[in-house]
Amino acid sequence: MNVVTVCVSLICILALHGAGAASPCDSKVCPPYSTCNATNATHAECSKCPSAFSGCKFGEYVCGSDGNSYNSACKLRSEACKKNQNITIASQGRCPDACTGVKCDFGATCKVVSNSNYTCDCARACSFHYDPVCGSDGKTYSNLCHLQTGSCEAKMNLTVAIQGECPDGCDYISCPPFATCIPTNATHAECKCPSAFTGCNFGEYVCGSDGNNYNSACKLRSEACKKNQSIAIASQGKCLDACTGVKCDFGATCKAVRMGNSNYTCDCGRVCPQHIDPVCGSDGKTYNNLCYLQIGSCEAKMNLTVAMKGNCPGTPTVGTVAEKSEKPTGGVLQLTASVALLVAILSALLVA
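Residues numbered from 1 in each chain as written. Predicted model: local features only at pLDDT ≥ 70, side-chain atom pairs only at ≥ 80, totals over all residues. Heavy atoms only, no water.

### Points about the pattern of salt bridges
Two side chains with opposite charge may pair up if their charged atoms get near one another. The tally for this structure, following the rule as stated, stands at 4 salt bridges. For the salt bridge of glutamate 223 with lysine 219, the shortest nitrogen-to-oxygen distance reads 3.4 Å. Taken together, the residues glutamate 223 and lysine 219, both in helix H4 (residues 217-227) and 4 residues apart, mark about one turn of the helix. The exposure class assigned to glutamate 223 is buried, which follows from its relative accessible area of 16%. (Salt bridge = Lys/Arg side-chain N within 4 Å of Asp/Glu carboxyl O. Helix = DSSP H or I, 4+ residues; strand = E, 2+ residues; numbered from the N terminus. Buried < 20%, exposed > 50% of the residue type's maximum accessible area, 1.4 Å probe, protein only.)

Here it is, written out as structure tokens:
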């Protein structure tokens with residue numbers, strides 16, 4: 001086929017391809033109210049969206065199928081094309097107000113989203129004036145308007161329980177150190193101790209004012225709360241041994257009551273052998289052996305020494321051994337006492 005003319009119309013394109021040839025508009029999708037124009041055998045374009053002003057009277061409202069009102073049918077077609085939405089005329093005139101006859105619950109206000117759609121909105125312009133009220137939920141609101149907003153947002157019919165701030169349940173209880181008071185209502189609250197693990201690095205020891213080591217400051221606070229004791233951080237790191245550098249007098253032994261520099265005792269207690277090897281102390285008393293003399297020296301807070309080996313002249317064995325030993329000591333003394341008791345009993349019988 002010889003082509004001697006430049007084809008610029010759809011008729012010419014059809015002539016070139018034959019009456020049954022496909023048009024490029026067959027595969028071109030244009031927005032509503034826009035028309036497809038084939039520019040050549042393979043290319044097509046969508047026409048511009050129709051004017052919102054030409055061919056219609058401004059003010060002749062129509063209600064669109066999207067629920068919105070348009071000031072003319074031309075405006076509807078123009079907007080439908082620009083938005084690429086299939087919007088038709090639902091009715092002549094404006095669309096009915098979506099909030100007509102609508103009553104929102106919990107004090108909310110009906111607001112139109114589109115002509116057929118609405119929402120119940122809790123937002124309201126409340127003043128910042130502080131005139132507190134206590135709501136029936138036990139919470140304090142800065143003024144009545146904020147209570148009404150809270151009622152709407154919580155979907156509860158809240159009322160004013162009392163004018164002024166709500167009583168705080170924490171006013172009625174005393175929590176342990178480091179505990180957090182959590183009000184449950186106007187008259188009740190709970191104390192919650194802090195976690196021993198959250199917010200601290202495990203292994204960063206601290207020395208507590210109670211003289212104990214804690215593997216973190218969090219552990220100290222948690223234990224202080226659980227024990228209901230006021231424990232502060234005395235120093236970073238582990239506590240020093242209480243007996244470090246301590247020298248007890250009179251032969252006593254330093255014993256740590258608990259960790260910490262000031263918690264120790266000088267203890268006189270020791271385990272003595274039970275064999276009898278009497279010594280005479282510088283206090284004139286006889287002790288069953290040297291170990292018991294040392295205990296006596298410690299308990300009396302005297303620097304006793306051994307005056308001589310054996311019993312002190314003219315004195316019985318006395319002191320720690322005689323008072324505390326569970327084994328019989330001073331056998332001669334015990335026998336003498338028994339004989340004296342027997343003589344006394346016989347004398348009494350003879351007199352009778």
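Okay, back to it.
### So, the state of the cysteines
All chains considered together, the criterion is met by 20 disulfides. Across the disulfide, cysteine 104 is cross-linked to cysteine 120 (sulfur-sulfur distance 1.9 Å). With the S-S bond torsion at -80°, the cross-link from cysteine 104 to cysteine 120 turns out left-handed. On the criterion of sequence distance, the pair formed by cysteine 104 in the loop between strand S5 (89-92) and strand S6 (109-114) and cysteine 120 in strand S7 (residues 117-121) is long-range, its members being 16 residues apart. For cysteine 104, a relative accessible area of 9% gives the class buried. Shown here is the disulfide that connects cysteine 207 with cysteine 239, its sulfur atoms set 2.0 Å apart. (Disulfide = S-S within 2.5 Å.)

### Side note on the side chain of serine 151
By secondary structure assignment, the location of serine 151 is in helix H3 (residues 144-154). Those residues in contact with serine 151 that sit more than four places away from it in its chain are Phe106, Met156, Asn157 and Leu158. (Contact = heavy atoms within 4.5 Å.)

### A short note on the packing of aromatic side chains
Counted by the stated rule, this structure contains 0 aromatic pairs. Cation over ring: arginine 94 sits above tyrosine 61, and NZ or CZ is 3.9 Å from the ring centre. The aromatic ring of tyrosine 205 is capped on one face by lysine 238, whose charged end is 4.6 Å from the ring centroid. (Phe/Tyr/Trp six-rings, centres within 6.5 Å; stacked < 30°, edge-to-face > 60°. Lys NZ or Arg CZ within 6 Å of the ring centre and 35° of its normal.)

### Here's the deal with the sheet that holds strand S19 (residues 286-287)
Pairing is antiparallel in the open sheet, where 3 strands are placed in the order S19-S18-S20. On the outer flanks of this sheet lie S19 and strand S20 (306-309), each paired with one strand and no other. Summarising the sheet, strand S18 (residues 279-281) and S20 pair through 3 bridges and their orientation is antiparallel. Paired with valine 279 across the two strands is lysine 309, which belongs to S20. Where helix H5 (residues 290-300) meets the sheet, it contacts S18, S19 and S20, and its direction lies at approximately 15° from that of S18. (Pairing = 2+ DSSP bridges. Axes fitted to C-alpha atoms, helices over the stretch in contact; angles between N-to-C directions.)

### What to know about the nonpolar core
Nonpolar side chains in soluble globular proteins generally cluster together in the buried interior. With 8 residues, the main nonpolar core is built from Cys272, Val279, Tyr287, Cys291, Tyr292, Leu293, Ile295 and Leu304. Top element by residues in this core is H5. It accounts for 4 residues. Excluding residues that lie within four positions of it along the chain, leucine 293 makes contacts with Val279, Gly281, Tyr287, Leu304, Thr305 and Val306. (Core = buried A, V, L, I, M, F, W, Y, C linked by side-chain atoms within 4.5 Å.)

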